[in-house]
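# Notes for the structure review
Next come the chains, spelled out residue by residue.
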Amino acid sequence: MKLLVYGAGVCGSLFAARMHKAGHDVSLLARGERLTALRRQGVRLAEGNGPAVERVPVPVVEHPDGGYDLITVFVRTHQVDAVLESLAGVRGDVLFLLNWAAGPETLGAAIGHGRVLLGFPTTGGTMDGDVVRHRRSGFLTRRVAMPVGEPDGRTTPRLLRIVETFRTAGINAEAEPRMAAWLRTHAAFEVPLGQAVHAAGGPAALADDPDAVGGMLHLMRQNLTAMETPPVPRAFGALRALPQGLLVAALRRFLKSPTAAHSGLGAPSPATAAELERLAEQLRAAAGAR
Ligand SMILES: NC(=O)c1ccc[n+]([C@@H]2O[C@H](COP(=O)([O-])OP(=O)(O)OC[C@H]3O[C@@H](n4cnc5c(N)ncnc54)[C@H](OP(=O)(O)O)[C@@H]3O)[C@@H](O)[C@H]2O)c1
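Because the structure is a prediction, the values reported are computed rather than measured. (Residues numbered from 1 in each chain as written. Predicted model: local features only at pLDDT ≥ 70, side-chain atom pairs only at ≥ 80, totals over all residues.)

### Examining the site of the ligand
Close contacts around the ligand come from 26 residues, with Gly-7, Gly-9, Cys-11, Leu-98 and Gly-124 the closest. Sorting elements by how many residues they give to the shell around the ligand places helix α1 (residues 10-21) first, with 3 residues. (Near = placed C-beta within 6 Å. Helix = DSSP H or I, 4+ residues; strand = E, 2+ residues; numbered from the N terminus.)

Shown next, in the form of structure tokens:
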């Protein structure tokens, strides 16, 4: 499979390195200083805060060439428009592996509806200079599958081929028939969480303010109520069904946990803030359209 990985930040670099190590024909598209660093040193990976840095010599490109079997896009929500423009004339199916609450229609309108697939990266980390520090994988995190789906939910031969190809590289991908609802559910939860954490100055500071946690829960509930489908996964329905006091206590416990401290929530970047703002706009537009 000839594969282009579009976006050489945390998730794109990690994914490209894994696919390259598994022997696939991968190119990683980068820009600016990241392009220079990748050309010089390849993808540099480290687990957690560990000192060991692995170098993976993934081929790097500045522009897409004529066509690919698959293009995987790993950019921030607010960066998608520019990517769509540059992919309009490039052949190949396009799998968007990113936060996106606007549904597949706008993507398809720009590059052709038949080319679009949706998904979400479930492994992540942070950039430490040129080094991608990915989260340590444990028994539980290895079991969290990367959902990938067709916009209409069908299990097509191309979807099965993609899932199988990713699995050969040790990526635990899984076909998800309700991918657009999955992404909207995720945004319904992540936007209030991310914005409340940023406003408070970190997860632990937010945990110390029960009123702010209550306000965040209220927004999550509003977002979930505005969805035209039940949440995916269904477990997110608990955010609407369980008593407020119980949920505020559980969210505060999570915000104080090492998981929250190491999740990247506490280190907001301008790109994260801009992404959350664009996702919030997408949620508002979807709610307004109902
Ligand atoms: N990081 C995580 O732990 C994690 C986990 C799960 C899901 N996600 C989601 O996955 C998506 C990707 O996240 P990420 O952490 O990989 O983001 P990131 O580290 O910010 O990487 C995005 C990369 O794409 C590049 N890019 C953007 N537009 C481009 C363009 N037009 N041409 C070339 N390169 C372009 C950016 O370059 P510039 O820096 O020059 O803009 C950056 O290198 C996001 O939706 C994020 O929320 C992230």
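Picking up after the structure, the text goes on.
### Notes on the domain arrangement of the protein
What the domain assignment reports for the protein is domain 1 (2-177) and domain 2 (181-288). For domain 1 and domain 2, the distance between their C-alpha centroids amounts to 24 Å. Contacts between the two partners involve 13 residues from domain 1 and, on the opposite side, 17 residues from domain 2. Within the side of domain 1 that touches domain 2, the residues separate by chemical class into 6 nonpolar, 5 polar and 2 charged. (Domains from an automatic or database assignment. Contact = placed C-beta atoms within 7 Å. Nonpolar A, V, L, I, M, F, W, Y, C, P; charged D, E, K, R; others polar.)

### Quick look at the sheet that holds strand β9 (residues 125-128)
Ordered by their spatial adjacency, 4 strands build an open sheet running β4-β3-β10-β9, and the pairing between neighbours is mixed. A strand with exactly one partner marks an edge of an open sheet, and here the two such strands are β4 (54-56) and β9. This sheet shows a mean twist of 30° between the axes of neighbouring strands, independent of strand direction. Pairing of strand β3 (residues 43-47) with β4 involves 3 bridges; the strand directions are antiparallel. Residue pairing in the sheet places Arg-44 in a bridge with Arg-55 of β4. Sheet strands touched by α1: β3, β4, β9 and β10 (131-134). Its angle to β3, the strand with the most contacts, is close to 100°. (Pairing = 2+ DSSP bridges. Axes fitted to C-alpha atoms, helices over the stretch in contact; angles between N-to-C directions.)

### Section: helix α3 (residues 80-87)
Residues of α3 that are buried: Val-80, Val-83 and Leu-87. Looking down the long axis of α3, one finds its buried residues gathered within 60° of arc, a one-sided arrangement. Of the exposed residues in α3, those oriented more than 90 degrees away from the buried face are Asp-81, Ala-82 and Glu-85. Looking at the packing, one finds that the buried side of α3 touches β1 (2-6), β6 (67-73), β7 (91-97) and α4 (105-111). (Buried ≥ 20, exposed ≤ 12 C-beta atoms within 10 Å, placed from the backbone. Arc of directions from axis to C-beta.)

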